[in-house]
Amino acid sequence: MTPKKPFNLLFVAMVIALVFHGTLFFFTVDSTYDAFVHMFFGDHYARDWFDTWDNRWYTGFNVTSYPPLVHQLTGFLSKFLGLRNAFLLLAAIVMQLLMVGMYRFALLWTSRRAAGYAALLTCFGASINEAFHLFGQIPTLMGISCLLNSLPEIYRWIRYGKIYRLATAVTIMGVGVTSHHVTTIFGMVFFVAPVMGLAVMDTLISDNKEGQKITVMQFLWKVWDKKRELILFGSFVPVVMAYIFPYFYWSATDPITQVSIPHGSRDSFIEVPSSGLMFFLIPLGVQLLLLPYIFSRVWTKRNMFIGLSFTLLFILGTGGTTPIPILMLGENAFNILTLDRFTFWASMIGTPFLGEFFYRVVEGDYRVILRRKYGTMVYRLFAGFLGGSVAVLTIFIVSLGNFRPLQPPKIDTKPIVQFLERDNHDHWRYMTLGFGDQMAWLSAQTKAQSVDGNYHSARRLPEMTTRPLERLENSKFKGIEGIGSLQQFLTVPEKYYLKFIFSNDKFYDPILYFAGWERVQRLENGIMVWQKQDIPPLPTVLPRKDLPKVIKLWWGIMPFFSLTLAFTVNFVLLWFSKVKNISKYDDTYNDSDDIIVPPLRKLTLYFLGGWILTVVTIVVYVSYQLSTFSPYQSPKDVVVAYYDAVDFKYFEAAHGFFDPADRPDFDDYFVKLSVEDGILASYAKLNNLKIDLKKITKDKYEAHIVAEWITPVEEYYTRATHIVVRNKGKWYLKAPKFDLSIPADQFMVEKVQGIHGHGKRQAGTSATQHDDVLDRPDLQILDARLVKMDSSYFVVGELQNVDSYPAHITISAQLYDKNNRKLVSYNAKFATIHRILPLEKIPFKIEFESTAWNYKNEAKSTKFNPNEFSPFKYSAPPSQFKLLARAVVDKNDLYRSYDIQNLRFKENFFVGTLLNYGTEEISVPKLLISYTDKNGDLAWLDTYFMREGVRPQRKRQFEVPLLKFKEFSIIKIGENKDFYVNGLPNVEVLGRKLLKEDGIQYKDWWIKVLPDGYIANPTLY
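Here we summarise the structure given alongside this text.

Here is what the cut-offs are and how they apply
Per-chain numbering applies: the sequence of each chain, read as written, is numbered from 1 onward. Local features in this predicted model are restricted to residues of pLDDT 70 or higher, and side-chain atom pairs are both shown and tallied only at a pLDDT of 80 or more, whereas totals for entire chains, interfaces and linings draw on every residue. To obtain the side-chain values, all non-hydrogen atoms of the structure were used and water was disregarded. Summary of the burial criterion: residues with accessible area below 20% of their type's maximum are buried, those above 50% are exposed, and those between are partly exposed, where the area comes from a 1.4 Å probe applied to protein chains only. Where helices and strands are cited, they refer to DSSP runs of H or I of at least four residues and of E of at least two residues respectively, numbered from the N terminus. Strand pairing is assigned whenever DSSP detects at least two bridges linking the two strands. The salt bridge definition used is simple: a Lys or Arg side-chain nitrogen within 4 Å of an Asp or Glu carboxyl oxygen. By this rule, a helix spans an expected 1.5 Å times one less than how many residues it contains. Whether two residues are in contact is decided by their heavy atoms, any of which lying within 4.5 Å being enough. Note on bend: at a given residue it equals the angle between the axes fitted to the 7 residues ending there and to the 7 starting there. Every axis in this analysis is a line fitted to C-alpha atoms, fitted for helices over the stretch in contact. Angles between the N-to-C directions lie between 0 and 180 degrees.

Examining the pairing of strand E27 (residues 1005–1014)
Counting buried positions along E27 gives nine out of 10 residues, so the element sits mostly inside the fold. Taken together, the nine bridges between strand E20 (residues 924–932) and E27 define a ladder with antiparallel strand orientation. Bridging across to E27, Tyr-931 finds its partner in Ile-1007. In the sheet, strand E26 (residues 1000–1002) pairs with E27 via three bridges, with the strands oriented antiparallel. Of the residues in E27, the one forming a bridge with Ile-1000 is Ile-1007. The hairpin turn running from E26 into E27, its antiparallel successor, is two residues long, and Lys-1003 in that turn takes a positive phi close to 55°.

What about the pattern of salt bridges?
Working definition: two side chains of opposite charge can pair if their charged atoms are close together. Summed over the entire model, instances satisfying the criterion amount to 37 salt bridges. A salt bridge links Arg-165 to Glu-153; the nearest nitrogen and oxygen atoms lie 3.0 Å apart. Placement of the pair is Arg-165 in helix H8 (residues 163–179) and Glu-153 in helix H7 (residues 138–160), with a sequence separation of 12 residues. Judged on exposure class, the residue Arg-165 and its partner Glu-153 are both buried. A salt bridge links Asp-662 to Lys-734, with the shortest nitrogen-to-oxygen separation between them at 3.2 Å. With Asp-662 in the loop between helix H30 (651–655) and helix H31 (666–674) and Lys-734 in the loop between strand E10 (730–733) and strand E11 (779–789), this residue pair connects regions lying 72 residues apart in the sequence.

A word on helix H29 (residues 635–647)
For an α-helix, the turn length of 3.6 residues means that residues three or four places apart are oriented alike. Taking 1.5 Å of rise per residue, 13 residues should cover 18 Å, and H29 covers 19 Å from first to last C-alpha, within 8% of that figure. Along H29, the residues that are buried comprise Pro-635, Val-638, Val-639, Ala-641, Tyr-642, Tyr-643, Ala-645 and Asp-647. Where H29 is buried, its residues touch H30, H31, strand E7 (685–697), strand E8 (700–710), strand E9 (715–727) and E10. Taken from the residues just after H29, Lys-649 is the one with a positive phi, measuring 60°.

Section: helix H18 (residues 340–362)
In a regular helix each residue adds 1.5 Å, so 23 residues correspond to 33 Å; H18 covers 31 Å between its end C-alpha atoms and thus fits that length. By the largest-angle criterion, Gly-350 marks the main kink of H18, which is about 40°, and a proline, Pro-352, follows within four residues. In terms of burial, H18 is largely enclosed, as 21 of its 23 residues are buried.

A short note on the sheet that holds strand E21 (residues 938–945)
Read across the open sheet, the four strands follow the order E21-E20-E27-E26; overall the sheet is antiparallel. Edge positions in the sheet fall to E21 and E26, since each has one partner strand and no second. Averaged over all pairs of adjacent strands, the angle between their axes in this sheet comes to 30°, without regard to strand direction. Relative to E21, E20 runs antiparallel, the two sharing seven bridges. Bridge pairing in E21 places Tyr-931 opposite Trp-940.

Shown next, in the form of structure tokens:
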């Protein structure tokens, strides 16, 4: 008989956890979802321990929205180790607590040796590895560690009634509450209640000396006998929750109504297999193979309460796959909670029984049965299969970020921090784009403030709380909700004191440019800095929602007090009792025999074998299908694969789908492809693809494609025709043809205006002086009017730069009702040119947009439409307006070497040609289409973004549908007294030139097309 070694496996598990996770987390922490968020909170407490308000996210938020202990420990340790190292050390300590907690929890259900195996399997557990190395959820792991460690104490209190065990249970739970309250709150239902039931059941079993059948009434009477223990414990639960009283105070006094954010754990795992893999299959891991055994063990008379919890958690973890979770939780809770937490908790309950199974296979009765019945070889293969499954899953999970990156490549934040710290740049707010969760790490390195944030529960701005958008920096992944919200911040940045944007994703470049932002510089880490001119700095005193001083003191003191109290009760007093040999702390828990594991039943063995065989067969089949799938097997598959490769810019893979019979060399194909620019070529994502195949011969098809593309400014539909042929049993596409024409002139010389602003004073470190402020360029508002199209109001007009310097302009309009009450103010967005040369005249249109879906019964868009906006809801009809224009000298993006040619009508369209006669390539051309009436007054302005770019000395045709004026009316023609330029009344300097002199006539309208172009790679950058 193998001698029992109660603590050896626990010690081994703790050492492995320290070496394995402690070392590996050093390399995986930067790619996790939440680690940087918790470091940011830790940095807050390191800066000001008792301040509950942080201005650095969401224009300010209350940090009492998240339990503080893990963050406070991180902040405290960062004083000695630095922020990142402090978090790594704390994570290693939490893993040690988790190993001990699982071992002690397993002892409630199984033998000591099996509990040691459970601790070992926790070290390599799929759910633990995912939470640790993919999600970085250290507070969650701290919370479950404390909960697991408190459960044996609760059991001992209920069963033996020793008051010391009540103290240990309550103090450990207090640490859990201050670490992660959700774990403790739900743990009361799914963990604490079953353990209480177990304690009562074990008391009944020990009292039942004659082995009689235990009835429900006997159990209820025993519960009544334990009323003292149950009532006392229940009375201490509010005391434990009082540790985070400021959290509940904040929730009650400052409620924030938010739209829930979609989460993959709520998906139907059949419709979205990737969500099922991430939030259900991976967390359960090897437990999926052994589900019959786990269910057979939890659904016994002694374990039936934990069996009920495991079953409920398992069902809730299936998300939207079945209607059961939403029926159990209710629609509101279902849409708020992330349901993968239930799968995580189910895996915690299943781990003791998983460890028991491994123990029985490695050392126990299963080992004897398998060797005797099937032979040593089969036994070794089966044991190796189990161990190999754990190893493969562990390797897969911890390296998943390498196979499928969950975050952008690591960004060096030091150049950004240096930029924010110099020249008082931190006196304005900033935003990041394309940073992923690394934006939280940047925030932790600086005191500069961001309008964005990375903790959605603390969102405050209605532009974000009314949309299922966690953060602005990844808005392109959220369709209209994301881009629409981002556009509002970009269009009216002065509302948020937003001046700088750090972009790590060129997808956003067109929307930034056409919204009036300009490139400042590319930092040495590759991040492009954009700025908005003429934004006022942050006020000296910022608004904040302060909590009472006693609440701040409570929040800063009680979490550490809970930790100190738990250490004193669980270690100091225990050590003191051992030294003094005080027996009142003792009970018979440690002297009891190991839990008796029921013997194996043949039915369970056969069912388990069949289940394992079925699961393995499914995994092998799916793996085989994935590994052997070939896009060359059908015409449709090869077309889909080609467009996928083009969409994700896998050009070498796309080249491989061309017919080898006449396939061009890849270098030749790539060079010809790379010279084509445009919003579709460089800034679009494929959203939908419709394929219509027409058979020509058995080896040749004609594929008619309608592709839907998403860009930051427009939604496009393209049509294309491909010839698909079969060559040696595989299907290929014929390679596309490229425009190989070249300009007649080999060299092109162009005079370029260069401007450099060097200030008016000597260089130094002193604050800005009056002499540093440059004169503003003079503008003249030529005319403007308030018009109504359908049910929306707009201000359209013309503006001219009457100065000798180029101007970067911001145009704002304010609407008033007949009682002169201000209704709304908004800026011009895409429908103007923000950079104008001396004496240049431009039209503009201002759309008054509100926060989308901020009103009841407002229908949400079912599909992405970047051009969609939510009209402002007026309390009274607008009847008058004021127009305000301001300008600063501009020296960038002044390229004007392009013009419109051959403008004419074609049925319900007007067509023309955009000629680029300069030396720069226009990446994204925009057309402003002005409609003027018979008097020459601008009535309407439309915008159109061309799909393809225009290379130097080349031209590109366009075709724009004519606008149909259905419900159009002029509300008010503006007067000069309503126009203001640079804060002063508008002054007429030059006479107005009518737009119709440059346009073409269409019925009662004159149409003029004014081009504007975004240059992605200008010579100066």
